[in-house]
Amino acid sequence: MRILVTGGAGFIGSNFVRHMLATYPTDEIVVLDKLTYAGNITNLPPLSTTPRLSFVQGDICDERTVVQVLEDCDAIVHFAAETHVDRSLLQAQDFMRTNVQGTYVLLEAARQQHIQRFLHISTDEVYGNACSPEGVSRPSLETDTLLPLSPYAASKVGADTLAFSYWASYRLPVTITRCSNNYGPYQYPEKQLPLFILNALEDRPLPIYGDGQHSRDWIHVDDHVEVLALILHQPAAHVVGEIFNIGAHEERTTLQNARTILKILEKPGELLSFVQDRPGNVQRHAVDTSKIRQQLGWQARISFAAGMRQTIDWYRDNPAWIETIKEKHNEFLMAALQRGMPR
Ligand SMILES: NC(=O)c1ccc[n+]([C@@H]2O[C@H](COP(=O)([O-])OP(=O)(O)OC[C@H]3O[C@@H](n4cnc5c(N)ncnc54)[C@H](O)[C@@H]3O)[C@@H](O)[C@H]2O)c1
């Protein structure tokens, strides 16, 4: 299979590419990535020594580029997106453009070129707070109403429902996945866990939004990419037209995460720093994964305890990767790293 991976130079996309190359020896991968602040070509294996991998720098909103790279491809795995909730609260325009318009361009090109599989990577953010229709807290089901609470989440609802409509209207072979929060190597350090790890390593305060009681289900990226590859290689009848929640049943609050990281790194509790909550912060994200367990027999294998130790080791052992990012002096990242400092 020849697979177009959009956003393959980002966090989850690059882990997916590595997993595919290591696990499926006959598959070929073409990465299409704009290399925004979040994309990094060094997240990928070296192109010169990886013959089954090719790379195109380009924008998914650019129809001509998309049509060109799709030639000879059998499948699309669509990761490319603007992904950071905090940024979407300040500047939502890029989110609407890439996440909604970009997804439309890909779907339309896929329809015209008779692509055999379109795996659309959505998120559990589309559900908003995890609860029943009566408002009782419980993990989200694939059939729940979508009630996004941030511009990021709303743009992903746009993409997710658009993808579904291409299945419903044209029978484009779409599968949608809604995964919970990921962590692991190569995650851009504006996101909660790498930010906490970097600050703890460098003895800076860990900024905790509000009272720190917001909870998420944390999944190691290796578990996520494994199940995505599994879905991609299922017979079409098992997965096409389906929506699957993906999660690890490792619900933890922000405060618990910060304390775990400080404990592993043997840093003092004084580094915890409570800061003003962000608008629309979801109280609880959690997904019910019964469907994927029953239909594909899959469940996450990596415990948070083991995954977090491995992730901390990776950030500690890869200072050059972190320096390359810091050298770009991304203003938003610099502000995020300083957020917990006393004013
Ligand atoms: N990180 C999570 O916890 C999580 C959880 C569930 C779902 N997701 C979804 O998974 C996908 C990947 O997330 P991530 O955390 O790896 O994101 P990321 O921000 O690390 O990477 C996004 C990648 O997309 C590329 N990109 C952005 N705009 C583009 C454009 N217009 N054209 C081409 N490439 C573009 C960037 O350069 C980058 O390489 C996203 O769709 C996200 O919504 C993420």
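Values in this document were obtained by computation on a predicted structure and should not be read as measured data. (Residues numbered from 1 in each chain as written. Predicted model: local features only at pLDDT ≥ 70, side-chain atom pairs only at ≥ 80, totals over all residues. Heavy atoms only, no water.)

### Examining helix H6 (residues 192-201)
Our working rule: Each residue is placed in one exposure class: buried if its accessible area under a 1.4 Å probe, protein chains only, is under 20% of its type's maximum, exposed if it is over 50%, and partly exposed if it falls in between. Elements are defined by DSSP. Helices are runs of H or I of four residues or more, strands are runs of E of two residues or more, and each kind is numbered from the N terminus.
Of all ten residues making up H6, eight are buried, and the element is well covered by its neighbours. Those residues of H6 lying buried are Leu 193, Pro 194, Leu 195, Phe 196, Ile 197, Leu 198, Asn 199 and Ala 200. The positive-phi residue at the C-terminal boundary of H6 is Asp 203, with phi of around 60°.

### Let's talk about the sheet that holds strand E11 (residues 251-253)
Here is the rule: Pairing between strands requires that DSSP locate at least two bridges from one strand to the other. The angle between two axes is taken between their N-to-C directions and runs from 0 to 180 degrees, where each axis is a line fitted to C-alpha atoms and a helix contributes only its stretch in contact. Residue contacts are counted whenever heavy atoms from the two residues lie within 4.5 Å of one another.
Strand order in this open sheet of three strands is E7-E9-E11, and the pairing throughout is mixed. Both outer strands of the open sheet, strand E7 (181-183) and E11, are each paired with one neighbouring strand and no more. In this sheet, adjacent strand axes meet at a mean angle of 50° when their direction is disregarded. Two elements, strand E9 (residues 215-220) and E11, share three bridges in a ladder whose sense is antiparallel. Along E11, the bridge assignment pairs Asp 217 with Glu 251. Along the sheet, helix H9 (residues 254-264) contacts E9 and E11; its crossing angle with E11, the most-contacted strand, is approximately 85°.

### Observations regarding helix H13 (residues 331-338)
Cut-off, in case you're wondering: It is the directions from the helix axis to the C-beta atoms that the arc portrays. Under the rule applied, a polar contact is a pair of N or O atoms within 3.5 Å (in protein, one hydrogen donor and one hydrogen acceptor; residues adjacent in sequence only if both atoms are side-chain atoms).
What H13 keeps buried is the set Phe 332, Leu 333, Ala 336 and Leu 337. Projected down its long axis, H13 shows its buried positions confined to an angular sector of 135°, all on one face. Elements in contact with the buried residues of H13: helix H3 (85-90), H6, strand E8 (206-209) and helix H12 (319-327). Its side-chain oxygen at 3.1 Å from the backbone nitrogen of Phe 332, Asn 330 defines the N-terminal cap of H13.

### Examining the packing of aromatic side chains
Rules: A pair of Phe, Tyr and Trp rings is counted when the ring centres sit within 6.5 Å of each other, with Trp represented by its six-membered ring. The angle between the planes then sorts it: under 30 degrees is stacked, over 60 is edge-to-face, the rest tilted. A positively charged side chain is recorded as over a ring if its NZ (Lys) or CZ (Arg) lies within 6 Å of the ring centre. The angle to the ring normal must also be within 35 degrees.
If you walk through the whole model with that rule in mind, you get ten aromatic pairs. Between Phe 16 and Phe 79 the ring centres are 5.4 Å apart and the planes differ by 55°, which places this aromatic pair in the tilted class. Taken as a pair, Phe 16 in helix H1 (residues 11-23) and Phe 79 in the loop between strand E4 (75-78) and H3 lie far apart in primary sequence, 63 residues in all. Across this residue pair, the class does not change: Phe 16 and Phe 79 are buried. In this arrangement the basic side chain of Arg 87 is found over the ring face of Tyr 37, its NZ or CZ atom lying 3.6 Å from the centre.

### A short note on the site of the ligand
Under the convention used in this document: When we say a residue is near a molecule or strand, we mean one of its heavy atoms is within 4 Å of it. Computed with a 1.4 Å probe, the accessible areas rest on the Shrake-Rupley method; for each residue, only the protein chains presented here act as cover. Throughout, the ten residues Ala, Val, Leu, Ile, Met, Phe, Trp, Tyr, Cys and Pro are labelled nonpolar, Asp, Glu, Lys and Arg are labelled charged, and all others, Gly among them, are labelled polar.
Close contacts around the ligand come from 28 residues, with Ile 12, Asp 33, Thr 83, Tyr 152 and Lys 156 the closest. Compared with its free state, where it exposes 840 Å², the ligand has 96% of that area covered by protein. Elements with a contribution of two residues or more to the shell around the ligand: H1, strand E5 (117-123), helix H5 (151-170) and E7. Here the element with the most residues in the shell around the ligand is E5; it accounts for three residues. Taken together, the residues of the shell around the ligand break down into twelve nonpolar, twelve polar and four charged.

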